[in-house]
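Results of the structural survey
Below, each chain spelled out in residue letters.
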Amino acid sequence: MGIDAVPTRAPRRVRGSDPLWKQASESILERIESQELKAGEKLAPERELCAQLDISRVTLRKALSRLVDQGVLSASHGRGWFVAQPVAAREWPNDLESFTTTAHRKHMRPSSLVLRQIVEAASLDEADRLGVPAGTPLLRLERVRLLNDVRIAVDRTVIPADLAPSLATKDFSSASLFEELRAQGVELSRSEATIEARTADERLAAQLELAVGAPVLVLDQTIQTPDQRPVLASTVEYSGERYRLRTTLSSSSDPARR
């Protein structure tokens, strides 16, 4: 049974700041997350989807392409659009991707509790990491990141405020920071990261609803644009009880690496 067998809800237009393609993609995503649309199901023809969602074909294709990028849909030339089949979990991505994209790839529901969203002067350390003068206005964004309403991590990020001024008032309880940056023409190309194990202090334990001293995995990263300009610095502290790191290592003699 395809999507054309069930009337599609038109995208919500109450959030006037969100473009129609994004509202349309969220409308389709909601149906997939609620299991109204199952893995492998074919979506209705584009003409029907345009009518159901009350959008143009150009807008529809942008919405569907974004869901393909997130691993939610797949496209087959000449056959149409399909709900992607679940893939084996891959805890640590090989590519630079956002928390939101990782969650959707794993068929999970991401959300955030915004702890702090304010523009403040850069400290000496922050200025050094971002290659800006000390005192430069930075957007400071601190969030508790959740998957299916379970607290997974605390994300503390700083970005030069003039890079994308509208981010200071964006609702990041649901919005993806990476997507918002890309929507404003900021291309994220490369991340330099370090990972280490620590234990939760009282503040972090309260934010993640853990016991004091519980294990946490700390990711500290600086993200650059293609011209090697650092534009984002973040520290993400993952609950060691709710998040695993799994990767694949091979020796230099492995034929696949030659």
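It should be noted that the structure appears before, not after, this text.
The notes below deal with the structure included here. Just so you know, these numbers come straight off a predicted model, no measurement behind them.

Here's the deal with the pattern of salt bridges
A full pass over the atoms with the stated rule returns 20 salt bridges. Here R116 makes a salt bridge to E142, at a shortest N to O gap of 3.9 Å. Of this pair, R116 sits in strand β3 (residues 110-121) while E142 sits in strand β4 (residues 137-147), placing them 26 residues apart in sequence. R156 is the partner of E142 in a salt bridge, and the nearest nitrogen-oxygen pair spans 3.8 Å. Of this pair, E142 sits in strand β4 while R156 sits in strand β5 (residues 150-160), placing them 14 residues apart in sequence. Comparing E142 with R156, the two get one shared label, buried. In this structure, a network of salt bridges that share partners links the residues R116, E120, E126, R140, E142, R156, R203 and E237.

With respect to the packing of helix α1 (residues 20-33) against helix α3 (residues 57-69)
Interaxial distance between α1 and α3 falls to 8 Å at its minimum, and their mutual angle equals 55°. Comparing the axis directions of α1 and α3 gives the class oblique. Considering only the axes of α1 and α3, their crossing is right-handed. Note on element contacts: α3 touches α1 through T59, K62, A63, L64, R66 and L67, opposite L20, W21, A24, S25, I28 and L29. Among the residues forming the contact of α1 with α3, the class breakdown is 8 nonpolar, 2 polar and 2 charged.

Some words on the packing of helix α2 (residues 46-53) against α3
In contact at an axis separation of 10 Å, α2 and α3 are set at 100° when each is read in the N-to-C sense. Considered as vectors, α2 and α3 are oriented roughly perpendicular to each other. Here E46, R47, L49, C50 and L53 of α2 lie close against α3, whose contacting residues are R57, L60, R61 and L64. Tallied by class, the residues present in the contact of α2 with α3 amount to 5 nonpolar, no polar and 4 charged.

Some words on unusual backbone geometry
Backbone geometry at D149 places phi at a positive 70°, although glycine is not the residue there. Position of D149 among the secondary structure elements: in the loop between β4 and β5. Positive phi is not limited to glycine here, since Q228 has a value of about 70°.

With respect to the nonpolar core
Ranked by size, the top nonpolar core spans 20 residues in total, and within it I28, I32, L43, L60, L64 and L73 carry the most contacts. Of all the secondary structure elements, the ones that give two or more residues to this core are α1, α2, α3 and β2 (80-83). Broken down by element, the residue count for this core peaks at 5 residues, all from α1. Counting residues in each nonpolar core, the second largest holds 16 residues, with L163, F172, V186 and L188 among its members.

Cut-offs and rules
- Residues numbered from 1 in each chain as written.
- Predicted model: local features only at pLDDT ≥ 70, side-chain atom pairs only at ≥ 80, totals over all residues.
- Heavy atoms only, no water.
- Salt bridge = Lys/Arg side-chain N within 4 Å of Asp/Glu carboxyl O.
- Helix = DSSP H or I, 4+ residues; strand = E, 2+ residues; numbered from the N terminus.
- Buried < 20%, exposed > 50% of the residue type's maximum accessible area, 1.4 Å probe, protein only.
- Axes fitted to C-alpha atoms, helices over the stretch in contact; angles between N-to-C directions.
- Parallel < 35°, antiparallel > 145°, perpendicular 65-115°, else oblique.
- Left-handed = near helix turned anticlockwise from the far one by under 90°.
- Contact = heavy atoms within 4.5 Å.
- Nonpolar A, V, L, I, M, F, W, Y, C, P; charged D, E, K, R; others polar.
- Core = buried A, V, L, I, M, F, W, Y, C linked by side-chain atoms within 4.5 Å.

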